[in-house]
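# Descriptive analysis of the structure
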Amino acid sequence: GNMGWLTFTFSLQKKFESLFGDKLEVVRTHQQQESFKFLSHFKRKMLIRNGKRNTTPQEVEFYHLRSNGFSSLCTRTIQIQADGINLNSAFCYILKVAFDKEDKTGIVYVWIGKKSKDEEGRLAEEIATTYFNPEKFSLQILNEGEEPENFFWVALGGPKLDYDKDADFMNYTRLFRCSNEKGYFI
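Bear in mind that the values here come from a model prediction, so they are computed numbers and not experimental data. (Residues numbered from 1 in each chain as written. Predicted model: local features only at pLDDT ≥ 70, side-chain atom pairs only at ≥ 80, totals over all residues. Heavy atoms only, no water.)

## A word on empty space enclosed by the protein
The full count for this structure, using the stated rule, is one cavity of 30 Å³ or more. The space that makes up the largest cavity amounts to roughly 40 Å³. Forming the boundary of the largest cavity are Val108, Ala128, Thr129, Phe132, Pro134, Phe137, Ser138 and Leu139. At three residues, strand β6 (residues 137-143) tops the list of elements feeding residues into the lining of the largest cavity. Its residues assigned to classes, the lining of the largest cavity comprises six nonpolar, two polar and no charged. (1 Å grid on protein atoms, 1.4 Å probe; cavity = no way out; pocket = protein on both sides within 12 Å on 5 of 7 lines; lining within 4 Å. Points joined across faces, edges and corners; volume = space filled by probe spheres on them. Helix = DSSP H or I, 4+ residues; strand = E, 2+ residues; numbered from the N terminus. Nonpolar A, V, L, I, M, F, W, Y, C, P; charged D, E, K, R; others polar.)

Structure follows, in structure tokens:
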């Protein structure tokens, strides 16, 4: 958990301070609590993968495009479990299916839910071409209900038609996290 931060604080921070002097501002942030300033560096294309650094890519990777908050800057693409039940009509998803274990070729699907915003569909396509080499992975855009029987449903464990299609919860204000982790209630 803290090993990366400790390594930075006790070895790398001094090197950066000598290089940048007063221009350096060190701010520690927790995942899913990033500031607008931090997120703005990613231009809405922040991709969060499961696992540790330097792990080999999986044959099937499934990502959920999430826009939290009132600003379009609060957009993240987060790797989730590759299962069709995780689909939701209100969102867009990216599914990477490698054809070989070496992850050299394959196909990337961008699944656009019927109730998702058009802008999010375009952004999911942009993210897919940014993070998955178009020369190695062909790109296929899928609208909800037009999924092919081949790799798409096979990679997600077969057709799961009982995923959330209503997305009524998007019409209501929701509270996601209450914590006193820092000694006070937030």
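So that's the structure; there's more coming.
## Some thoughts on the side chain of Arg44
As for its placement among the helices and strands, Arg44 is situated in the loop between α2 (36-40) and β1 (46-48). There is a polar contact of 2.6 Å between the side chain of Arg44 and the side chain of Glu119. (Polar contact = N/O pair within 3.5 Å; in protein donor to acceptor, adjacent residues only side chain to side chain.)

## Regarding the side chain of Glu61
For Glu61, the location among the structural elements is in strand β2 (residues 60-67). When its relative accessible area of 3% is taken as the criterion, Glu61 is described as buried. A polar contact of 3.0 Å, which involves the side chain of Glu61, links it to the side chain of Arg49. A distance of 2.6 Å separates a polar atom in the side chain of Glu61 from a polar atom in the side chain of Tyr63. If we ignore the near neighbours within four places in the chain, the residues touching Glu61 are Arg49, Gln79, Ile94, Leu95, Lys96 and Phe132. (Buried < 20%, exposed > 50% of the residue type's maximum accessible area, 1.4 Å probe, protein only. Contact = heavy atoms within 4.5 Å.)

## Notes on the environment of Tyr109
Examined against the element boundaries, Tyr109 turns out to sit in strand β5 (residues 106-112). In this structure, the C-alpha to C-alpha distance between Tyr109 and Leu139, residues 30 residues apart in sequence, is 6.0 Å. Residue contacts for Tyr109: discarding those within four places in its chain leaves Tyr93, Ile94, Leu95, Val97, Gln140, Leu142, Pro148, Asn150, Phe151 and Phe152.

## Here's the deal with the pattern of salt bridges
One pass over the structure, following the stated rule, counts seven salt bridges. A salt bridge links Glu61 to Arg49; the nearest nitrogen and oxygen atoms lie 3.0 Å apart. Here Glu61, found in strand β2, pairs with Arg49, found in the loop between β1 and β2; they are 12 residues apart in sequence, far enough to count as distant. According to the relative accessible area criterion, Arg49 is partly exposed, its value standing at 42%. With a closest N to O distance of 2.9 Å, Lys101 and Glu59 form a salt bridge. With a gap of 42 residues between them, Lys101 in the loop between β4 (92-98) and β5 and Glu59 in the loop between β1 and β2 connect regions that are remote in the sequence. On the basis of relative accessibility, which here comes to 66%, the residue Lys101 falls in the exposed class. Several salt bridges share partner residues, and in doing so they unite Arg49, Glu61 and Lys96 into one network. (Salt bridge = Lys/Arg side-chain N within 4 Å of Asp/Glu carboxyl O.)

## Regarding helix α3 (residues 118-131)
If you check α3, its first and last C-alpha atoms are 20 Å apart, about what 14 residues at 1.5 Å a residue would give, namely 20 Å. Taken together, the buried positions of α3 are Glu120, Gly121, Leu123, Ala124, Ile127 and Ala128. Buried positions in α3, seen along its axis, are confined to an arc of 165° and lie on one side of it. Away from the buried face of α3 by more than 90 degrees, exposed residues Asp118 and Arg122 are located. (Expected span 1.5 Å × (residues − 1). Arc of directions from axis to C-beta.)

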